[in-house]
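Listed below, chain by chain, are the residues.
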Amino acid sequence: MIRDTYGGSALVSRIKALPDPYRGNAIAWLQHCTQAPMEDLESDINSFLETLNPSVRAKFVFQTGKLLEIAVQYFGSS
């Protein structure tokens with residue numbers, strides 16, 4: 001179990017709530033934005049977040065979380 005110190009599990013849960021192909025698209029978008037592999041989603045997101053300055057990290061988690069929340073609202077399974 002990965003310890004979630006930075007809010008990565010909230011992002012992962014939103015991504016997992018998306019059905020394919022939207023989930024795959026969200027992961028590809030995240031890889032492009034972070035320039036980091038996302039093969040083990042939870043571990044890789046937390047590793048990426050760990051590298052960020054705390055204020056940048058907070059903004060990234062908030063903004064990405066809101067975007068994924070909207071994606072789940074529109075594309076998530078009901």
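Presented here is an overview of the structure given in this document. (Residues numbered from 1 in each chain as written. Predicted model: local features only at pLDDT ≥ 70, side-chain atom pairs only at ≥ 80, totals over all residues. Heavy atoms only, no water.)

Some thoughts on the pattern of salt bridges
Per the stated rule, a full pass over the model turns up three salt bridges. For Arg14, the salt bridge is made with Glu69, and the minimal N-O distance between the two is 3.4 Å. With a gap of 55 residues between them, Arg14 in helix α1 (residues 8-16) and Glu69 in helix α4 (residues 54-75) connect regions that are remote in the sequence. Arg14 sits in the partly exposed class, given a relative accessible area of 26%. Judged by its relative accessible area of 36%, Glu69 is partly exposed. Between Lys66 and Glu69 there is a salt bridge, with its nearest N and O atoms 3.7 Å apart. Pair noted here: Lys66 and Glu69 are both in helix α4, with a separation of three residues, about one helical turn. On the basis of relative accessible area, Lys66 is assigned to the partly exposed category, the value being 38%. One network of salt bridges, in which partners are shared, links Arg14, Lys66 and Glu69. (Salt bridge = Lys/Arg side-chain N within 4 Å of Asp/Glu carboxyl O. Helix = DSSP H or I, 4+ residues; strand = E, 2+ residues; numbered from the N terminus. Buried < 20%, exposed > 50% of the residue type's maximum accessible area, 1.4 Å probe, protein only.)

Let's talk about helix α2 (residues 22-34)
With 13 residues, α2 should reach 18 Å at 1.5 Å per residue; the first-to-last C-alpha distance of 18 Å fits that figure. Listed as buried for α2 are Ala26, Ile27, Leu30 and Thr34. Down the axis of α2, the buried set is contained in an arc of 95°. They therefore lie on one face. Contact partners of the buried residues in α2: α1, α3 (41-50) and α4. After α2 finishes, the residue Gln35 shows a positive phi value of roughly 55°. (Expected span 1.5 Å × (residues − 1). Arc of directions from axis to C-beta. Contact = heavy atoms within 4.5 Å.)

As for the packing of aromatic side chains
Think of a pair of aromatic rings as described by two things: how far the centres are apart, and how the planes are tilted against each other in angle. Counting across every chain of the model gives two aromatic pairs. Residues Tyr22 and Phe75 carry aromatic rings whose centres are separated by 4.4 Å and whose planes lie at 20° to one another, so their mutual orientation is stacked. Within this pair, whereas Tyr22 is found in helix α2, its partner Phe75 is found in helix α4, the two being separated by 53 residues in sequence. Relative accessible area serves as the criterion here: at 35%, Tyr22 is assigned to the partly exposed category. Exposure remark for Phe75: the relative accessible area of 39% places this residue in the partly exposed category. (Phe/Tyr/Trp six-rings, centres within 6.5 Å; stacked < 30°, edge-to-face > 60°.)

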